Every structure is written in C-alpha cells, then in structure tokens.
2 protein chains.
Amino acid sequence: MKVAKFGGTSLADAKQIKKVTNIITSDPERKVIIVSAPGKRHDNDMKVTDLLIELGEKRLNNEDVQDVLQFIVERYRDIATELGLDEHIVETIEKDLRQRTDYDPSHEGVFMDQIKAAGEDNNAKLIAHYLTHLGHRAQYVSPKTARLYVTDTPGNAQVLPETYDHLYELRNKDGILIIPGFFGYSKSGRIVTFPRGGSDITGSIVAAGVKADLYENFTDVDSVFSANPNVVDHPTPIKRMTFREMRELSYAGFGVFHDEALIPAFRSNIPVCVKNTNNPDGSGTMIESEREYSENPVIGIAAQKGFATIYVRKYLMNREIGFGRRLLEIIEDECISYEHIPSGIDDTSVILEADQLTKEKEETIIRRIKEELEVDDAHIEKGFAMIMLVGEGMHETIGIAARATKALAKENINIDMINQGSSEVSLSFAISEEDADKAIRGLYGEFFAAKDVLQ
Amino acid sequence: MKVAKFGGTSLADAKQIKKVTNIITSDPERKVIIVSAPGKRHDNDMKVTDLLIELGEKRLNNEDVQDVLQFIVERYRDIATELGLDEHIVETIEKDLRQRTDYDPSHEGVFMDQIKAAGEDNNAKLIAHYLTHLGHRAQYVSPKTARLYVTDTPGNAQVLPETYDHLYELRNKDGILIIPGFFGYSKSGRIVTFPRGGSDITGSIVAAGVKADLYENFTDVDSVFSANPNVVDHPTPIKRMTFREMRELSYAGFGVFHDEALIPAFRSNIPVCVKNTNNPDGSGTMIESEREYSENPVIGIAAQKGFATIYVRKYLMNREIGFGRRLLEIIEDECISYEHIPSGIDDTSVILEADQLTKEKEETIIRRIKEELEVDDAHIEKGFAMIMLVGEGMHETIGIAARATKALAKENINIDMINQGSSEVSLSFAISEEDADKAIRGLYGEFFAAKDVLQ
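What you see is a predicted model, and the numbers here were worked out from it, not measured in a lab.

Asker: Which parts of the structure should I look at to understand the relation of the copies chain A and chain B?
Answerer: The operation relating the pair of chain copies consists of a rotation about an axis and a translation along that axis. Take chain A, turn it by 179 degrees, move it 0.1 Å along the axis, and it overlays chain B with an RMSD of 0.2 Å. What we have between these two chains is a two-fold relation. An overlap of 100% is found between the interface residues of chain A and their copies at the interface of chain B, pointing to a shared contact surface.

Asker: Honestly, the sheet that holds strand β3 (residues 138-140) of chain B in this entry has me stumped. Any pointers?
Answerer: Sheet strands associate in pairs through backbone hydrogen bonding, adopting either a parallel or an antiparallel arrangement. All names here are of chain B. Read from one edge of the open sheet, eight strands run β3-β4-β2-β1-β7-β11-β12-β10, paired in mixed fashion. Edge positions in the sheet fall to β3 and β10 (240-242), since each of these pairs with one other strand and no more. When the angles between neighbouring strand axes are averaged without regard to direction, this sheet yields 20 degrees. Of the strand pairs in this sheet, strand β11 (residues 272-276) and strand β12 (residues 285-288) are connected by three bridges, and their pairing is antiparallel. Within the sheet, the bridge partner assigned to Val274 lies in β12 and is Thr285.

Asker: What is the right way to read the nonpolar core from this model?
Answerer: Note that soluble globular proteins tend to have their nonpolar side chains buried in a common cluster. Counting residues in each nonpolar core, the largest one holds 54 residues, and the members touching the most others are Leu389(A), Phe429(A), Leu443(A), Leu389(B), Phe429(B) and Leu443(B). Looking at this core, the elements with two or more residues in it are β16 (377-390), α13 (400-410), β18 (426-432) and α14 (436-447) of chain A together with β16 (377-390), α13 (400-410), β18 (426-432) and α14 (436-447) of chain B. Filtering out sequence-adjacent residues up to four positions away, Leu443(B) remains in contact with Ile301(B), Ile387(B), Leu389(B), Ala404(B), Ala407(B) and Leu408(B). Counting residues in hydrophobic clusters, the runner-up holds 46 residues, among them Phe323(A), Leu328(A), Tyr338(A) and Leu352(B).

Asker: How should I be thinking about helix α11 (residues 323-333) of chain A in this particular structure?
Answerer: Given 3.6 residues to a turn, an α-helix orients residues that are three or four positions apart in the same direction. The buried fraction of α11(A) amounts to eight of the eleven residues, a majority that puts the element mostly inside the structure. Those residues of α11(A) that sit buried are Phe323(A), Gly324(A), Arg325(A), Leu327(A), Leu328(A), Ile330(A), Ile331(A) and Glu332(A). If you follow the buried residues of α11(A), they end up packed against β13 (300-313), β14 (338-340), β15 (347-353) and α12 (359-373) of chain A together with α11 (323-333) and β14 (338-340) of chain B. Phi turns positive, to about 55 degrees, at Cys335(A), one or two residues after α11(A).

Asker: Help me understand the domain arrangement of chain A in this model?
Answerer: Interfaces are frequently sized by the accessible area removed from exposure as the parts join. Domains assigned within chain A are domain 1 (2-220) and domain 2 (300-448). With centres defined by C-alpha atoms, the gap from domain 1 of chain A to domain 2 of chain A works out at 40 Å.

Asker: Would you explain the pattern of salt bridges in this entry?
Answerer: Opposite charge on two side chains permits pairing when their charged atoms draw close. Residues and elements named next belong to chain A. Within this structure, the stated rule accounts for 65 salt bridges over all chains. We note a salt bridge from Lys2 to Asp27, for which the minimum N-O separation is 2.6 Å. Residue Lys2 is found in strand β1 (residues 2-6), and its partner Asp27 is found in the loop between α1 (14-25) and β2 (30-35); the two are separated by 25 residues along the sequence. Arg30 is paired through a salt bridge with Glu216; the nearest N and O atoms lie 2.5 Å apart. Here the residue Arg30 occupies a position in strand β2, and Glu216 occupies one in strand β7 (residues 214-219), the gap between them amounting to 186 residues. For the pair Arg30 and Glu216, one class covers both residues: buried. In the salt-bridge network here, residues are joined through shared partners; they are Asp96, Arg100, Asp121 and Lys125.

Asker: What is the right way to look at the interface of chain A and chain B in this model?
Answerer: In this assembly, 58 residues from chain A lie in contact with 58 residues from chain B. Buried surface at the junction of chain A and chain B, summed over both partners, amounts to about 5,100 Å²; 52% is from carbon and sulfur atoms. The salt bridge partner of Arg247(A) is Asp346(B), with a shortest N-O separation of 2.6 Å. Where chain A meets chain B, there are 15 residue pairs in polar contact (both at pLDDT 80 or more). If you list the elements that add at least two residues to the side of chain A that touches chain B, you get α9 (243-251), α10 (263-267), α11, β14, β15, α13 and β17 (417-420) of chain A. When its residues are assigned to classes, the side of chain A that touches chain B shows 23 nonpolar, 19 polar and 16 charged. Relative to strand β17 (residues 417-420) of chain B, β17(A) runs antiparallel, the two being bridged by three bridges. If you follow Gln420(A) over to β17(B), its bridge partner there is Ile418(B).

Asker: Can you help me understand the environment of Pro264(A) in this one?
Answerer: Residues and elements named next belong to chain A. Relative to the elements of secondary structure, Pro264 occurs in helix α10. For Pro264, a relative accessible area of 13% puts it in the buried group. In this structure, the C-alpha to C-alpha distance between Pro264 and Thr202, residues 62 residues apart in sequence, is 9.3 Å. Residues within four places of Pro264 in sequence aside, it is in contact with Tyr164, Ser204, Ile205 and Ala208.

Asker: I would appreciate a short explanation of unusual backbone geometry in the present structure.
Answerer: Working note: non-glycine residues mostly have negative phi, and peptide bonds are mostly trans. One non-glycine residue, Cys335(A), adopts positive backbone phi at about 55 degrees. Residue placement: Cys335(A) occurs in the loop between α11 and β14. Overall, the relative accessible area of 53% leaves Cys335(A) in the exposed class. One non-glycine residue, Lys211(B), lies in the positive phi region at around 50 degrees. With respect to the element layout, Lys211(B) can be found in the loop between α8 (198-209) and β7 (214-219). On the accessibility criterion, Lys211(B) (53% relative accessible area) is exposed.

Asker: Would you mind going over the side chain of Thr21(B) with me for this structure?
Answerer: Residues and elements named next belong to chain B. Along the chain, the position of Thr21 falls in helix α1 (residues 14-25). Classification of Thr21 by relative accessible area gives buried; the value is 2%. Look past the residues within four positions of Thr21 in its chain and what remains in contact with it is Tyr130, Leu131 and Leu134.

Asker: What am I meant to see in the pairing of β2(A) here?
Answerer: Both faces of the sheet carry side chains from a regular strand, because those side chains alternate between them. All names here are of chain A. Burial analysis of β2 places five of its six residues in the buried class, the great majority of the element. Of the strand pairs in this sheet, β1 and β2 are connected by five bridges, and their pairing is parallel. Paired with Phe6 across the two strands is Val35, which belongs to β2. Taken together, β1, α1 and β2 constitute a β-α-β crossover, and its handedness is right-handed. With four bridges joining them, β2 and strand β4 (residues 176-180) adopt parallel strand pairing. Considered in β4, the bridge of Ile34 is made with Ile179.

Asker: In this structure, what is going on with the sheet that holds β4(A)? I would like to understand it.
Answerer: Residue and element names in this part refer to chain A. Strand order in the open sheet made by the eight strands is β3-β4-β2-β1-β7-β11-β12-β10, with mixed pairing throughout. With partners counted over all chains shown, the strands left at the sheet margins are β3 (138-140) and β10 (240-242), one partner each. For this sheet, the mean angle separating the axes of adjacent strands, direction not counted, is 20 degrees. With three bridges connecting them, β10 and strand β12 (residues 285-288) associate as parallel partners. By the bridge assignment, Arg240 is partnered in β12 with Met286.

Asker: Just to check I follow, could you spell out the pairing of β18(A) for this structure?
Answerer: Residue and element names in this part refer to chain A. Among the seven residues that make up β18, six are buried, leaving the element largely enclosed by the rest of the structure. As defined by bridge partners, β16 adjoins β18 across seven bridges and the pair is classed as antiparallel. Pairing of Leu389 across the sheet is with Leu427, part of β18. The pairing of β17 with β18 spans three bridges and is antiparallel. Following the sheet pairing, Ile418 is matched in β18 by Phe429.

Asker: Could you clarify how one ought to interpret the packing of aromatic side chains in this entry?
Answerer: Two aromatic rings, taken as a pair, are described by how far apart their centres are and by the angle between their planes. All names here are of chain A. This model, assessed by the stated rule, comprises eight aromatic pairs over all chains. Relative to Phe448, the ring of Tyr444 has its centre 5.2 Å away and its plane inclined at 25 degrees; by these criteria the two rings are stacked. Relative accessible area serves as the criterion here: at 10%, Tyr444 is assigned to the buried category. Taking the ring centre of Tyr140 as reference, the NZ or CZ of Lys125 above it sits at 5.7 Å.

Asker: So what exactly am I meant to see when it comes to the side chain of His340(B) here?
Answerer: As for its placement among the helices and strands, His340(B) is situated in strand β14. By relative accessible area, which is 6% here, His340(B) ends up buried. A distance of 2.9 Å separates the side chain of His340(B) from the backbone oxygen of Ser343(A), its partner in a polar contact. For His340(B), the contacting residues outside a window of four places in its chain are Ser343(A), Ser349(B), Val350(B), Ile351(B), Met386(B), Met417(B), Asn419(B) and Ser428(B).

Reading the values: rules and limits
Throughout, residues of each chain are indexed from 1 in the direction in which the sequence is written. Throughout, the order in which chains and ligands are written sets their labels, letters from A for the former and numbers from 1 for the latter. Since the coordinates come from a predicted model, pLDDT governs what is reported: local features require at least 70, and pairs of side-chain atoms require 80 or more to be given and counted, while whole-chain, interface and lining totals use all residues. Hydrogens are left out, water is left out, and the side-chain values use all remaining heavy atoms of the structure. A least-squares superposition brings the copies together, and it is based on the C-alpha atoms of residues with pLDDT no lower than 70 in both. In this analysis, two residues are considered to be in contact whenever any of their non-hydrogen atoms come within 4.5 Å of each other. When DSSP finds two or more bridges between a pair of strands, those strands are recorded as paired. Think of it this way: any DSSP run of H or I at least four residues long counts as a helix, any run of E at least two long counts as a strand, and we number them from the N terminus. Helix axes are fitted only over the stretch in contact, all axes being lines through C-alpha atoms; the angle between N-to-C directions runs from 0 to 180 degrees. Take the buried residues of types Ala, Val, Leu, Ile, Met, Phe, Trp, Tyr and Cys, join any two whose side-chain atoms come within 4.5 Å, and each joined set is a nonpolar core. Burial classes follow relative accessibility: with a 1.4 Å probe on protein chains only, a residue under 20% of its type's maximum area counts as buried, one over 50% as exposed, and anything between as partly exposed. Reported domain spans reflect what an automatic or database domain assignment gives. Here, a salt bridge means any side-chain nitrogen of Lys or Arg that lies within 4 Å of a carboxyl oxygen of Asp or Glu. Put simply, buried area is how much 1.4 Å-probe accessible surface two parts lose in total, over both of them, once they are put together. Under this definition, polar contacts are N or O atom pairs within 3.5 Å; protein pairs additionally need one hydrogen-donor-capable and one acceptor-capable atom, and for neighbouring residues in sequence, both atoms have to be side-chain atoms. Basically, the charged four are Asp, Glu, Lys and Arg, the nonpolar ten are Ala, Val, Leu, Ile, Met, Phe, Trp, Tyr, Cys and Pro, and anything else, Gly included, counts as polar. Seen with its strands pointing away from the viewer, a crossover is right-handed when the path leading from the first strand over the helix to the second is clockwise. Only rings of Phe, Tyr and Trp enter the pairing, Trp through its six-membered ring, and a pair is recorded when the two centres are within 6.5 Å. The plane angle decides the type: under 30 degrees is stacked, over 60 is edge-to-face, the rest tilted. Our definition puts a charge over a ring when NZ of Lys or CZ of Arg is within 6 Å of the ring centre and also within 35 degrees of the ring normal.

So this is what it looks like as structure tokens:
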C-alpha cells in the first residue's frame, strides 16, 4: 500500500487534477492520498492558501470580505466546471467558506488556522467527488474522522503519539481515501495547522500511521538535485539517497522538503519517493535508510545565507571550566539557538542565524558577555553563508575535505569556519554571503561535473 | 635593560655556569638574572630539584635523609670548588638545606614547597657569590626582598597584581641582581612554588615588573623549531614569531615553554628571545607582538595526543534551545574542561583531554546525558591526537586549509575533526593517535620543506 501526497502546483487547476487522478488510478496500491490546496497556475498567480490568509485578515480587521471570498469560490468553480462536476460541490465549498469566515475571531490564531485549513479541506472534498464522478470508489476523509490528533498550538501543530494507531485503522476503509494535508485536530476538536511544509508533514505522518510500503511525494520537479538549479545549470539528479542525507540537505536550505516534514516517515523507516506529477514515469528520487555510497560519497551541496557569529576572546578561556556553558546560557536567555561553536585556546565563536538577533538582543548579549565573563573582546559579525557538503561515508573517504577546500581556494574564496566532526554525513564551511553561489559552483565542478546520475 | 633567565642545563655544573657568567657580563644591559636549580649534566644524571623532592619525601616518611642531603651538598661543593670558591658558600648552602629539612612537615604541601625551592635559591646565592668573586658588582635578591608575592596555594602559586610594582623597584638596586626562579612568597611569608615551567614564569613576571626592554630565555636549544625535532629531521628554525603563535604552539605540546609561562611578558608587550647558552651568538628566536607574515603564513606545526570525544546524537538537537548548555553543564559538573565542540544538525561531539576521564566519570556523564537529555545515542571514543597548524594571517591566506587537508590525504590519514574559525592563528585537526607523526611529517613537507629559516 502506498501513500501519495500531491503538492499545490499539482492541483492548481483541472488540467493538473486530471493528471493527478490518472496517477492515482493507474496504481491500485495508491490507496491513501494527501492533497494540498490549489497552488499557483503561473508565476503571477496566487495560491488559494494566500487568498484565504487575505480573507482571514480582512475579517479580523472588520473589512469587507465578499470579493476575496467570491474570488476563492470562483477558483474552485473553474476547476469543478472544467472537471464536469455539478454545481452542488461548489455550493458545499462556498457554504463551508462562509461558515469559517463567520467563526469566532476572538482568538486570532485559532480563527486563522481554521480559515487557512479550508484550502486543503475543500480541495480534498472536490477531488474525492471527482474520482467518484469518474466511477472510482473514493471518499473524502477528514483528519477529524481519521483522528489525526495534534497539540493545541495554532500554526505549529505537533502530532500526538496515539495518532499513529488511529491512522492505522484507515487500512480498513474502502476505496481510495482523500485526506486534506496541512492540519490536524486538537483533542478539544479545534483545527490546528502544521508549520511550514504542512502537507508534507501530513503525508509523512499518515504514511507512518498506515505503515505504507512507500510514501510518494508528488511535486513539480523530476527529482532532488545535487545542487540548487538556480545556481548550477542542470545539476545532476539524485536517484537514490538516505534519510540522513535528505535531512542535512533540506536543513541547509534545499527546497524540496521542509527540514522536519519527513521525520515521521524516517522514524518508521518508510521509503520516500519524490516524483513529478508532470512526468510520473520518471524514476524520481528514492529516499531510503541505506545506500551504496562507495562510488559517490558526496551526494549534494547546499548553501544557506544569513548567518552571524558572536566572537569572544579571553586569555586562558579554555582553562576556565564553565566558560562555554556560561556563554551559551547568556545566548539561551535571549531564546537564540546556535549552529556551531568553533573554538581556539583563547577565543570562541558562536555561529547562528542572524534573523534571531534584534538590536536589543545584540546589545544585551554583548553587554552580558563583557560584564559576566570579563572577556578581552566580544563582538558580532554578520553576512556569513553556510555551505554544506553532504554524503554518507564522506568521512570514511579520505581526501574529501582536501578536494572541497581546494575547490574553494580555486574560486579564491576565504573560509571563515570549517566544521567537520560530529555529523558523519556533512562538512560545512562558513564563508561570506557574496561568495555563496561561486562556492556552490566551484564545489559542484569538483564533485559532480563528471557524473550524470547519482545512484 | 634586559632580564635573562637561565635553565637547569645551563647551570648544571661549573663549566656551564662559567658560560652563563660570561654571557651575563658580556652585556651591561643584562642586569636582572633569573636562575634555575642545577639540572642534568648528562642523560642519566639527576636534577637537584628531583634530589630535593626525594629528600623531602624521605623526611615525610621519617626515613634517614643524611645520604641524599649530603649528595645534594656535594653537587654544590663540586661546582663551588671548580669555580674556585671558598668552603664558606658551601657551608651556607648546607646550613640552609638542614634548616629546610627540619621545617615543620605537618602541612605536606607547604613543607615540600620550601624544600623544592632550595635548588634555585641556593644556586642564586652561589652564582651571585661567584660573580662577586670574579670582581663584578652582583648581589643575590630573594623573592622575599623583592616582594614577589603570590597566592598561598602550594605548588600552584599565582602572582598577585601588586607584585609588579614591587619588582619595578629592583631598577634602583645596584649591580647585577641574581634572583632564584620557580617560587615566590605568600603574604604570610611562606614559600610557594609555581606550577610546571616555574623559572620561566618567574622570568616572565620579573621582566614585566621591571619593564625590561627584552626578556632573554637561555636554554639548551638554538631556537624554537617549526616542528618537533624528534619527529621531523632538522626542522626549520623559527627566527621571529608572535606571542599568539608561541602561545598556540606551546599549548599544543611545543616543548620550549610551558603554556602560560610567558603570559606576564605577553601582557606587558615585552619581547622575548629564546637563546642557547651553548651558542649565545646564535640569533635564537624572537617572540614579539607583531611580525611580517606575508611570506610564511604558517610558522609551526604541533601535535598533542591523548584526546577523547563524547559523541551525542538526538533528532532536532539544534532546535532544542539550551541543549548545548545542558550538555556542557553535565561535563562541567565532573570538573572536566573541553577543547572543541564540533556539531551537526542532530549530533555534537565534545573533544577533551582523555586523562581527565575516570571510569566513574565516564559512566556518570553518559548516564546523565542519556537520562537528562533523552538522546538517541551517547558514547565516548578515545585515542585521538590534535594536530595544530599555527601562523598569523593563516586565515587571510586562501588555500591553507586546502594544502593542509591535501597533505593529510596524501599520507592517507582520515580526518575525524577539523576546527577552523575562532582563533585567527591556528587550524586544528583531530586524527587517530597512530597517525600523529605521519601527519606532522606530511604537513611539514607541505609547508616547510622548501624554507631554511622562518623570519
């Protein structure tokens, strides 16, 4: 049994939805389907979810909502009509949207969550309806019916453990099940949405719950690439990679998945396949727990900008037991998380995402470091990018660091920080932001130029 | 005005002491002299300090001390006789040793400190006597007279701030001043010895106190070398280096100085010159606050064995604000200091000197990490060496990391950890201990093979 998730662009209009239903019905194993809200049909288009956010905010500001509400209904009507569905389904959707708009807005987060969830929820109903219309045995399943329980934290739902057992019962349901992504229900019966990457999270949770043989994640790219296609021309597609590699890459700003979306699938060892709705016969990218890596220890290169470092220098710092802990305490007090802490004898740096810093926080941190740790110097530097080289067994392969640093030197890029050690699947560098793209290209040239497909 | 310090081998016998007095009297600027106790005359010889420790321990165990006491007196008598000094000075030394032996042994640390200090103290008296005998204006100055005040911590004296002002008054004293190294006095008037590198510390403190133009550190090597001569054949001598370079190198197990000995001189910016008593006309190694480093960004390679890493893995660790701090807290509770903390997304390692770990501490740490931090994995690995590449402006010089990692790859050495970032003068690697020497030779070949002298 397979769980298949379809993203927004795969469901943007009737044409796309037809592709999707063909994909679904072409394989009887595709029994549980997770759908997103209709996405962009073209670059200047608006996602339904963004329209819903506009609707919700207008309502919160007591502005008139009729136009945008109608606009959303029309999106669904266009789809329904072109799919040859009767007006009935559109009325259902409009009724639902009006109900949500009239929902008590006193708690903003709760109000917005049930508004935002409308995109996926109604799309799921529409697609289930269409499949039935085509003569297939299909049904819409609400996360409520499936008892997909999550924490009662608006906009940041975390799945509750018992949910997995509930979802396993979906196996007993008949026909094709269409489940809306992006949200679950709190035990008190309230809709709560997942953080970024919402529908991917739902798919991953459901795949784990029903113990699927495969979780297919249909999107609009043929596969995961070894580097960002906006930076490198026609980067090598990755045919097979491990969970850990995927995790490191998506963490380091790889577009395909949000960082944590796949963890439920990882944890229950369900293989994930990334496929293209517009090219379903392509092999896509398989993500599994193990891979043969002897031929290509490095599988991908990622970059993320916007890092800052807090630099601290003090004589004999590393003889001072507790220094590092006290430094991290000060940073923790400002609710800031860090990435790396490269350290010398008399100095240390804390590398973190700069957007966590405000002028006030910076001042507090530096003042407290100077006062409480009596350091010789403490200051903050910004404008760093982290470049991450990812691959299983990279560290068993002698010479990777040499090739990487050589490639950067060839591009005349100064390395501000190298971090290798703990993680066995990555090697990361801090460089200045301006050099990020040049670095990616240089590293790509070194590790991939020769290869055509990574498997 | 120069402060000159002479080590044990430079004062091991009359022949050496004659060289030393020639060096002292050949330059009227050499006004303040710090002396060690007589060291080894040949490989199988015993240092006077070690004989004194034997004497002290015998006394503490109420064993007979006459033989070893006489043996020590004979060491001084041989020197005195060969220098043509009268019996009087030897009697003074013997009387002093007997007094110290009769000192109240109830507080072991205090007793041993005043015994151990006898080697330097009597040697200073003897050399002052010899200089006068030769017709020079010279006098012995006790750290007590000089008010070289230190903390009352037996075996681990730390200089008190006011000491520097007291020492400045030495400028008013007449002739050549001979001061014993290795110890100071607590305010309560007790002798307290410095930790390892004791006489170097005294020299460094005195040089800072009298605001010397130069601190000459006479030892038995012509200079500081770019790598350990026991590992690399005839390593390139270093003609000029900075305090920071010296500090990083000596920290990383470079023989010449103990890690912290030079800090008082560093802090008051007094240039230090390392010279060879047996080749005083050699240029030696100058250690200053700045150097021209364009031609050779890397000045030395050091290695230290005996490191362990505590490896910790937990999903989403780096999203958990406070994780790192709590980890360090557990380690701190066991009074363990660490060197580096390389970190990935889901894992981190703490690299530390293995000799700090006991079986109990290891168990406590791992148990607490597992219980309190609920990690997926936590274990300790041992047998690592840290290799340190040191040089000012290394990080401004693009390609250093590339050359270093390439050299290690050429030697077929796997790199377990790379740390670059915080310190601007070093780049360090963790590798397995067996590879340490091979690594040094490989890096030496890459960075020094061509050069003859570094300046």
